[in-house]
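So the chains spell out like this:
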Amino acid sequence: MIYSTLSDSKQLRMLCRNETWREAFDWLANLSPETPCCTEERHDGKFKLGIDSYSTKSFEECRFESHREFIDIQFCLSGGEFIHSTNYLNLELDGHYTASGDVQFYKTPEVRKEVVLPMEWGTYAIFYPEDVHCPQVADMHNQHSKKVVLKIHRILLES
């Protein structure tokens, strides 16, 4: 997992040495809070962007999830939320992996061992397949969040 802001030039400079990361962050840099909700795909569906606006929820209403094929970049455009993140070894599966949505859900553990990431305008979090995350959690300041989820198929980063 990586957590940072678009203004952190050292972090971005390191990531953007790779062409795929550079394309992803160039895409994000051209978005604003006024960008309409939408979905878009590039590279034959191996690069997916979704912009959504929603009401945040209590932690108990949210679910931990991970992905096998895609890496998530979650980027806050307006409002805010918490994203809880942990390693999959800390959790028990909740159902079967769904290939069509590239998602595996997990049960919330009785003993929680996670990092809480405050998402606000300009912050991003990158979640790799081993990074289980629980998004859309109310942060006590914002009842609404507008967020980009950019999914990059792992094959684009393996070269």
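Model, not experiment: these values are computed from the prediction.

Reading the values: the criteria
- Residues numbered from 1 in each chain as written.
- Predicted model: local features only at pLDDT ≥ 70, side-chain atom pairs only at ≥ 80, totals over all residues.
- Heavy atoms only, no water.
- Disulfide = S-S within 2.5 Å.
- 1 Å grid on protein atoms, 1.4 Å probe; cavity = no way out; pocket = protein on both sides within 12 Å on 5 of 7 lines; lining within 4 Å.
- Points joined across faces, edges and corners; volume = space filled by probe spheres on them.
- Helix = DSSP H or I, 4+ residues; strand = E, 2+ residues; numbered from the N terminus.
- Nonpolar A, V, L, I, M, F, W, Y, C, P; charged D, E, K, R; others polar.
- Buried < 20%, exposed > 50% of the residue type's maximum accessible area, 1.4 Å probe, protein only.
- Lys, Arg positive; Asp, Glu negative; His and termini not counted.
- Salt bridge = Lys/Arg side-chain N within 4 Å of Asp/Glu carboxyl O.
- Polar contact = N/O pair within 3.5 Å; in protein donor to acceptor, adjacent residues only side chain to side chain.
- Contact = heavy atoms within 4.5 Å.

Colleague: So what's going on with the state of the cysteines? Residues and values would help.
Modeller: Applying the stated criterion to the full structure yields 0 disulfides. Note on Cys37: no disulfide assigned, nearest cysteine sulfur contributed by Cys38 at a separation of 7.6 Å.

Colleague: An account of the layout of surface pockets is requested, with residue identities and associated values reported.
Modeller: Taken as a whole, the largest pocket holds about 360 Å³ of empty space. Sorting the residues of the lining of the largest pocket by element identifies β3 (47–55), β5 (70–87), β9 (131–137) and β10 (144–153) as the ones contributing at least two each. Of the residues forming the lining of the largest pocket, the biggest block, 4 residues, is contributed by β3. Tallied by class, the residues present in the lining of the largest pocket amount to 6 nonpolar, 6 polar and 7 charged.

Colleague: Summarise the side chain of Asp102; cite the residues concerned and give the values.
Modeller: Within the secondary structure layout, Asp102 lies in the loop between β5 and β6 (104–106). Comment: no salt bridge for buried Asp102; closest opposite-charge side chain is Lys151, at 5.6 Å. Only 3.0 Å separates the side chain of Asp102 from the backbone nitrogen of Glu69, close enough to count as a polar contact. A polar contact of 2.6 Å, which involves the side chain of Asp102, links it to the side chain of Tyr97. Excluding residues within four positions of it along the chain, Asp102 makes contact with Ser66, His67, Arg68, Glu69, Phe70 and Tyr97.

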